[in-house]
Amino acid sequence: MKTKPIVKKLNFEPNLKDYQKTYDSFSYFDEAKKFENLPDGGFNAAYTVCDVNAQNFRKNKVALYWEGEEGEEIKLTFQELSLLSNKVGNLLKNLEVGRGDRVFLFLPRIPELYFCFLGILKIGAIAGTLFSAFGPQALEDRLKNSDAKILITTPQLYPRVQKIKQNLPNLKTVILIDEENRTAFMKEAKLKKPGKNSYTWFYPLMEKALEKLHLASMKPTDPAFMLYTSGTTGKPKGVVHQHKALLHECISARYVLDIKDTDVYWCTADPGWVTGIAYEILGTWCIGSSTLVYGGRFDPAKWYDLIQEYKVTVWYTAPTAIRMLAASGTELVKKYDLSSLRHLASVGEPLNPEAVNWGQKAFGLPFHDNYWQTETGGIVIANYPSLDIKPGSMGKPVPGIKAEVINNQGQPVGPYKEGNLALKPGWPSMMLKIWRRPEKYQSYFLKNWYLTGDKAFKDEDGYFWFISRADDVIKTSGERVGPFEVESALVSHPKIIEAGVIGKPDPLRGELIKAFVTLKKGEKPSEKLKEEIQTYVKKHLAGHAYPREIEFTDKLPKTRSGKIMRRLLKAKELGLPLGDTSTLEDY
Ligand code: WTA
């Protein structure tokens with residue numbers, strides 16, 4: 001593919017001045033030496049991220065600018081972040097949480113999410129995040145598999161937890177964030193008494209917790225956080241990351257996102273997704289920049305307003321959002337003073353050349369696409385301020401990462417040849433393991449390569465171009481959705497007997513979820529039933545994982561062993577050749 005490269009004239013000095021020189025001479029060992037360890041020589045990512053900054057000249061610098069849906073504002077300095085996370089650490093210790101215990105956060109983007117995450121890491125427990133869009137089924141799968149001991153959530157989300165709590169015998173305590181007590185607590189005013197239910201309130205516990213915390217001295221390879229993500233088959237898998245993931249997250253934040261400690265940085269991702277953890281909490285705070293978090297919904301005018309108000313300099317977002325902004329027009333952009341912006345980046349799904357160029361037209365800056373996965377723990381292929389962009393390409397490997405396009409035998413294929421996108425294992429943010437599923441972890445490797453599960457090609461200049469997933473995983477509005485999870489939710493509906501789910505290309509969302517559904521005998525297809533099914537999946541599984549399109553069918557294509565052939569459903573939907581159908585049963 002050939003697109004006209006964007007040659008940039010930079011009016012700032014990027015962190016990565018000479019890509020090739022840095023790439024060739026890069027060493028994680030040298031980088032690791034720049035990190036400050038705990039006084040006893042041990043390591044803790046949360047210490048490096050907030051305590052080091054709370055002890056140096058950044059002590060009173062704002063780390064978090066938070067704005068809620070209703071316009072409420074909260075600012076937390078690095079020192080406050082450090083003390084609040086210390087208190088969370090003690091709060092959890094008071095509940096007998098220890099090293100390696102799993103503490104999950106089922107929270108919208110509120111300030112507590114950020115300092116609780118750090119507090120969990122500080123005591124050596126493993127932090128897990130859950131999207132606030134999740135319904136009872138999605139929650140149960142994740143909390144059960146991880147054997148979470150503590151869940152921190154809100155009164156608004158609690159009813160979904162209540163539905164499944166009896167199935168989670170190892171979930172010892174559910175803590176609800178009493179937002180109404182937040183301000184009082186921050187001002188050290190009087191607090192409400194704790195409730196006496198099957199949950200307990202957060203701020204009264206915070207009140208009792210000490211500010212001084214003895215941080216857990218960890219090995220860099222100890223687990224720090226985990227996220228559930230979807231594959232083609234089976235339940236979601238728990239991807240576990242180690243404390244030293246911070247090293248690669250910090251380096252990539254510096255080189256790819258070009259973060260400097262003078263930046264006001266805005267990442268629009270939710271920490272229920274790995275991007276929100278790696279580049280809202282860890283990599284970027286590690287550099288000492290200020291981070292903006294907006295707790296409200298997507299709204300173009302509000303987004304521009306935030307950039308203007310907080311004088312955002314670096315903005316990291318996703319293709320669907322960019323396409324939606326583009327659809328709302330360039331005229332709207334012109335109403336705001338967005339001159340603070342210096343660097344724009346995007347992740348999560350293919351960024352089409354039109355979207356890259358729209359950035360140039362609307363903001364005078366192109367969006368820099370970058371590529372990674374929950375499993376890679378940090379950006380692995382990227383476009384950089386100092387390199388020309390070839391619109392439509394994901395860019396070049398991040399210093400420290402060796403990427404290649406290989407065939408099914410593990411041999412590199414030549415330029416422009418399609419193959420499996422693979423990485424050389426060993427970078428610090430590569431997943432440590434898949435929780436309780438060692439065989440799944442092993443399945444990621446071919447010879448001495450880590451397989452991403454994506455198809456790509458490389459051009460003669462070493463730029464990587466995304467082609468497609470090699471499996472059935474769906475990417476809708478940047479969210480990774482496993483067809484199996486949606487199919488399971490569908491067949492639990494009383495009127496459905498079988499379901500096959502595919503990702504259907506969509507100009508706005510990248511892909512949309514389409515379900516082919518067979519109804520039980522006597523059930524009649526109707527538009528009303530479609531809506532009923534959609535609502536059911538939204539409520540049961542997750543708000544974002546419901547099929548926007550449903551087609552009723554009498555029969556689904558299956559292999560002779562009874563597996564639904566999604567590949568055929570997709571080929572038929574797109575009018576493509578059906579390919580090898582030798583394993584197909586009569587259809
Ligand atoms: C896809 C997201 C094309 C890819 C941080 C990958 C992309 C999956 C890009 C991981 C990109 C991510 N261009 N495709 N720039 N970035 N993907 O785990 O299929 O939610 O394997 O992590 O998203 O999704 P995940």
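All values reported here derive from a predicted model rather than from experimental measurement.

Peer 1: Please provide a residue-by-residue account of the overall build of the chain, values included.
Peer 2: Within the chain, the regular secondary structure consists of 19 helices and 27 strands. Since a compact globule built from 587 residues should have a radius of gyration of about 25 Å, the 24 Å found for the chain is in line with a globular shape. A principal-axis box enclosing the C-alpha atoms of the chain has dimensions of 70 × 60 × 50 Å. Here the chain, with 587 residues, has 60% of them falling under the buried criterion. Once local pairs closer than 6 in sequence are excluded, the contacts in the chain between residues at least 24 apart make up 71%. For the chain, the accessible surface area stands at approximately 23800 Å², while carbon and sulfur atoms represent 52% of it. Averaging the locations of the 82 positively and 69 negatively charged side chains of the chain gives two centres separated by 3 Å.

Peer 1: Could you give me a rundown of the sheet that holds strand β13 (residues 343-347), with the residues and numbers involved?
Peer 2: Taken in spatial order, the nine strands line up as β2-β1-β11-β10-β12-β13-β14-β15-β16 in an open sheet, and their pairing is mixed. Since the sheet does not close on itself, it has two edges, and those belong to β2 (73-77) and β16 (396-397), each with one partner. Sheet topology places strand β15 (residues 381-382) next to β16; two bridges connect them, and they run antiparallel. Paired with Ala382 across the bridge in β16 is Lys396. The strands that helix α15 (residues 353-363) touches are β12 (314-317), β13 and β14 (367-371); relative to β14, the one it contacts most, it runs at about 150 degrees.

Peer 1: Tell me about the site of the ligand, residues and numbers included.
Peer 2: Every one of the 19 residues lining the ligand counts as a neighbour, but Asn370, Thr374, Asp454, Arg469 and Arg480 are closest to it. Contact between the ligand and Glu349: a nitrogen atom at 3.5 Å from a main-chain N or O atom of the residue. One nitrogen or oxygen atom from the side chain of Asp369 is found 2.8 Å from a nitrogen atom belonging to the ligand. Protein burial of the ligand: of its 530 Å² of free accessible surface, 99% is covered by the chains. Elements that contribute at least two residues to the shell around the ligand include exactly α11 (274-287), β14 and β22 (464-469). By residue number, the principal contributor to the shell around the ligand is β14, which donates three residues.

Peer 1: Could you give an account of helix α3 (residues 45-55), naming the residues involved and the relevant values?
Peer 2: Turn by turn, an α-helix covers 3.6 residues, leaving residues three or four places apart pointing in a common direction. Of all eleven residues that make up α3, ten are buried, and the element is covered over most of its length. Tucked inside the fold, the buried residues of α3 contact α4 (78-94), α5 (111-122), α10 (245-255) and α11. Regarding α3, its N-cap is Asn44, as a side-chain oxygen of that residue lies 3.0 Å from the backbone nitrogen of Ala46 further along.

Peer 1: I'd like to hear about the pairing of strand β5 (residues 150-153), residue by residue, with values.
Peer 2: Side chains Ile150 and Ile152 project from β5 onto one buried face, and the interleaved Leu151 and Thr153 project onto a second face that is buried too. Pairing geometry for strand β3 (residues 102-106) and β5, over three bridges, is parallel. Bridged to Leu105 within β5 is Ile152. One ladder, built from four bridges, connects β5 with strand β6 (residues 173-176); its direction is parallel. When the bridges of β6 are listed, Thr153 appears paired with Leu176.

Peer 1: Before we move on, can you summarise the pattern of salt bridges with the specific residues and values?
Peer 2: The tally for this structure, following the rule as stated, stands at 41 salt bridges. A salt bridge links Glu67 to Lys302; its shortest N-O distance comes to 2.7 Å. With Glu67 in strand β1 (residues 62-67) and Lys302 in helix α12 (residues 300-310), the pair connects residues that are 235 residues apart, well separated along the chain. By the burial criterion, Glu67 is buried, and Lys302 matches it. With its nearest N and O atoms 2.8 Å apart, the salt bridge here joins Glu487 to Arg566.

Peer 1: Give me the domain arrangement of the chain: which residues, what numbers.
Peer 2: Annotation of the chain at the domain level lists domain 1 (19-28 + 246-469), domain 2 (78-242) and domain 3 (474-574). Distance from the C-alpha centre of domain 2 to the C-alpha centre of domain 3: 33 Å. Counting residues at the interface gives 18 residues for domain 2 and 14 residues for domain 3. Approximately 1100 Å² of surface area, both sides summed, lies buried where domain 2 meets domain 3, with 50% of it carried by carbon and sulfur atoms. Among the residues domain 2 hides against domain 3, the three largest losses belong to Gln137, Ser230 and Thr232. Together they make up 34% of the total. Our count for the domain 2 to domain 3 interface comes out at one salt bridge.

Peer 1: Tell me about the sheet that holds β6, residues and numbers included.
Peer 2: On the basis of which strands lie adjacent, the open sheet formed by eight strands has the order β7-β6-β5-β3-β4-β8-β9-β19 and mixed pairing. Bordering the open sheet on either side are β7 (200-201) and β19 (433-434), each of which pairs with just one other strand.

Peer 1: Can you break down the nonpolar core residue by residue, with the values?
Peer 2: By size, the foremost hydrophobic cluster in this structure holds 157 residues, and its most contacted members are Phe202, Trp285, Tyr316 and Leu490. Of all the elements, α11 adds the most residues to this core, at nine residues. Once residues lying within four places of it in the same chain are set aside, the contact partners of Phe202 are Val88, Leu91, Glu112, Phe115, Cys116, Ile175, Leu176, Ile177 and Asp178. In terms of nonpolar packing, the next biggest core, distinct from the first, is built from 31 residues, Val264, Trp303, Leu338 and Ile389 among them.

Peer 1: How would you summarise the packing of α3 against α5 if you had to cite specific residues and measurements?
Peer 2: Running from amino to carboxyl end, α3 crosses α5 at an angle of 130 degrees, the nearest separation of the two axes being 8 Å. Here α3 is positioned oblique relative to α5, judged by the angle of their axes. In this structure, α3 meets α5 at a crossing whose hand is left-handed. Judged by residue contacts, Ala45, Ala46, Val49, Cys50 and Asp51 of α3 engage Leu118, Leu121 and Lys122 from α5. Here the residues of the contact of α3 with α5 are counted per class, giving six nonpolar, no polar and two charged.

Peer 1: Would you mind going over the packing of aromatic side chains in detail, with residue names and values included?
Peer 2: Between two aromatic rings, the relevant description is the distance of the centres plus the angle of the planes. Considering all chains together, one arrives at 32 aromatic pairs under this definition. Judged by centre distance (6.2 Å) and plane angle (15 degrees), the ring pair of Phe35 and Phe43 falls under stacked. Assigned by exposure class, Phe35 and Phe43 land together as buried. Through a chain of ring-to-ring contacts, three or more aromatic side chains come together here, namely Trp266, Phe298, Trp303, Tyr304, Trp315, Tyr336, Trp358, Phe363 and Phe367. Positioned above the aromatic ring of Tyr546, the side-chain terminus of Lys538 is 4.4 Å from the ring centre.

Peer 1: Account for the packing of α10 against α11, naming residues and giving values.
Peer 2: Where α10 contacts α11, the axes come no closer than 8 Å and their chain directions differ by 75 degrees. In this view, α10 runs roughly perpendicular relative to α11, as classed from their interaxial angle. The residues of α11 that touch α10, namely those facing Leu246, Glu249, Cys250, Ser252, Ala253 and Arg254, are Ala278, Tyr279, Leu282, Gly283, Thr284, Cys286 and Ile287. Residue composition of the contact of α10 with α11, by class: eight nonpolar, three polar and two charged.

Thresholds, definitions, all that
Residues numbered from 1 in each chain as written. Predicted model: local features only at pLDDT ≥ 70, side-chain atom pairs only at ≥ 80, totals over all residues. Heavy atoms only, no water. Helix = DSSP H or I, 4+ residues; strand = E, 2+ residues; numbered from the N terminus. Rg over C-alpha atoms; globule rule 2.2 N^0.38 Å. Buried < 20%, exposed > 50% of the residue type's maximum accessible area, 1.4 Å probe, protein only. Contact = heavy atoms within 4.5 Å. Areas by Shrake-Rupley, 256 points an atom, 1.4 Å probe, with all protein chains shown as cover. Lys, Arg positive; Asp, Glu negative; His and termini not counted. Charge placed at Lys NZ, Arg CZ, Asp CG, Glu CD. Pairing = 2+ DSSP bridges. Axes fitted to C-alpha atoms, helices over the stretch in contact; angles between N-to-C directions. Near = heavy atom within 4 Å. Polar contact = N/O pair within 3.5 Å; in protein donor to acceptor, adjacent residues only side chain to side chain. Salt bridge = Lys/Arg side-chain N within 4 Å of Asp/Glu carboxyl O. Domains from an automatic or database assignment. Buried area = accessible area lost by both parts, 1.4 Å probe. Core = buried A, V, L, I, M, F, W, Y, C linked by side-chain atoms within 4.5 Å. Parallel < 35°, antiparallel > 145°, perpendicular 65-115°, else oblique. Left-handed = near helix turned anticlockwise from the far one by under 90°. Nonpolar A, V, L, I, M, F, W, Y, C, P; charged D, E, K, R; others polar. Phe/Tyr/Trp six-rings, centres within 6.5 Å; stacked < 30°, edge-to-face > 60°. Lys NZ or Arg CZ within 6 Å of the ring centre and 35° of its normal.

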